[in-house]
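# Results of the structural survey
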Amino acid sequence: MVCQLTVIKLEGYGAWTLTLGSDREYALQILQSKMYADLQECFSAKNGLVFSNRFDEFIAVTNQISLHDHKEIHDRLSKKNEGIKISMTIGTGKTPLEADKAIQDIKRDTKNMIFPNIYGLQENCNVNEGQQINELENHSNQNDVKILHIDVNGSTSIAKNLSTYEITNLIVRLYLAISNSFLKEESLTFFLGGDNFMIVAKNNIQIKKVIEIVNFLTSSTGIKLNCGVGNGINARSAAEMATKSLDSIRAYRKSGKIINVFESN
Ligand SMILES: Nc1nc2c(ncn2[C@@H]2O[C@H](COP(=O)(O)OP(=O)(O)OP(=O)(O)O)[C@@H](O)[C@H]2O)c(=O)[nH]1
């Protein structure tokens, strides 16, 4: 039962932004969104999923993605963005929060730099005959990844009498409430756009607990939420199942059956 996360950071970014002068914001926004697109393309091709955490750093769920794969992506993106230093730190834990905290410690110690600007724990790597470290021991065939896809039930009608920015304010408040509740369960929430959130959850969270949290969020915010739960051997397959579960909730609703939390597999 292991969650593998990779934090991707733009290193020395703050200082580098100053070299662009004051008329820089548009350029930074273009760079950050292109970087996110490139990372999502590279990691999703290997069945991972990247969340744009704070725009200048990204959190990817990388179960089943090897150190060698990371190096390949790192080389490709470094070549494409020569002025910018990218770092990747790979960490594992029993829960997503534990993996995130491990990353913090791994990055602090330079002896954990396995390749230039790629950090990880040596003991998580196999050494092959050529004494080259090239694989993380992460090829579990178990459904280690659990992802929840939450969206607002009927957001189109809720938003009818609100302005664009008033809707944003509502979504931001909702984001904070979801993040706070799931962080207590060592699970990490990300905003996807529109009225959608994904939670990288600890894989032994009970469905009973998820229902309790979703009901608490609905009663404390006054906003009805639906939550699809998915499990998979990697992030993409877990996210696919979570979205499938959410689509099932919509299908049930159409047939008159109201369910707000559903797990497909
Ligand atoms: N990232 C992401 N965004 C989505 C997805 N589905 C819908 N959206 C976004 O969410 C917005 C609202 O769409 P819906 O959630 O379908 O609308 P709704 O009125 O809430 O309808 P129900 O969810 O069926 O209750 C859309 O404009 C999209 O921006 C999805 O699977 N992923």
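Please refer to the structure placed before this passage.
Everything in this summary refers to the structure shown in the same document. Worth saying up front: this structure is predicted, and the values here are computed from it rather than measured.

A word on the site of the ligand. Taken together, 13 residues lie around the ligand, and G154, S155, T156, R250 and R253 are the ones closest in. The separation between an oxygen atom of the ligand and a polar main-chain atom of V152 is 3.1 Å. T156 is positioned such that a nitrogen or oxygen atom in its side chain is 2.4 Å from an oxygen atom of the ligand. Protein burial of the ligand: of its 630 Å² of free accessible surface, 58% is covered by the chains. Secondary-structure elements contributing two or more residues to the shell around the ligand are β9 (145–152), α5 (155–158) and α8 (235–254). The leading source of residues in the shell around the ligand is β9, at 3 residues. Of the residues in the shell around the ligand, the class split is 2 nonpolar, 7 polar and 4 charged.

The next point concerns unusual backbone geometry. Positive phi, close to 75°, is recorded for F55, a residue that is not glycine. Tracing the chain through its elements places F55 in the loop between β2 (49–52) and β3 (57–61). Even without being glycine, Q64 reaches a positive phi, approximately 75°. Within the secondary structure layout, Q64 lies in the loop between β3 and α3 (67–80).

Here C227 is to be found in strand β12 (residues 225–232). For C227, a relative accessible area of 0% gives the class buried. The spacing of C227 and I211 is 16 residues in sequence and 8.6 Å in space, taken between C-alpha atoms. Not counting chain neighbours up to four residues away, the residues in contact with C227 comprise L148, H149, I150, V210, V214, L246, I249, N260, V261 and F262.

Moving on, we get to the pattern of salt bridges. Note that side chains of opposite charge can pair when their charged atoms are close. All told, the structure shown has 16 salt bridges when counted by the stated rule. A salt bridge links E41 to R76; its shortest N-O distance comes to 3.8 Å. Note that E41 is positioned in helix α2 (residues 25–44) and R76 in helix α3, a separation of 35 residues in sequence. Of the charged contacts in the structure, one is a salt bridge between K209 and E212, with a shortest N-O distance of 3.2 Å. With a gap of 3 residues between them, K209 and E212 both fall in helix α7 (residues 207–221), about one helical turn apart. Given a relative accessible area of 48%, E212 falls into the partly exposed group. Each of E185, K202, K209 and E212 takes part in salt bridges that share partners, so that together they form one network.

Reading the values: the criteria
- Residues numbered from 1 in each chain as written.
- Predicted model: local features only at pLDDT ≥ 70, side-chain atom pairs only at ≥ 80, totals over all residues.
- Heavy atoms only, no water.
- Near = heavy atom within 4 Å.
- Polar contact = N/O pair within 3.5 Å; in protein donor to acceptor, adjacent residues only side chain to side chain.
- Areas by Shrake-Rupley, 256 points an atom, 1.4 Å probe, with all protein chains shown as cover.
- Helix = DSSP H or I, 4+ residues; strand = E, 2+ residues; numbered from the N terminus.
- Nonpolar A, V, L, I, M, F, W, Y, C, P; charged D, E, K, R; others polar.
- Buried < 20%, exposed > 50% of the residue type's maximum accessible area, 1.4 Å probe, protein only.
- Contact = heavy atoms within 4.5 Å.
- Salt bridge = Lys/Arg side-chain N within 4 Å of Asp/Glu carboxyl O.

So far we have only geometry, and geometry alone does not tell us how the molecule works.
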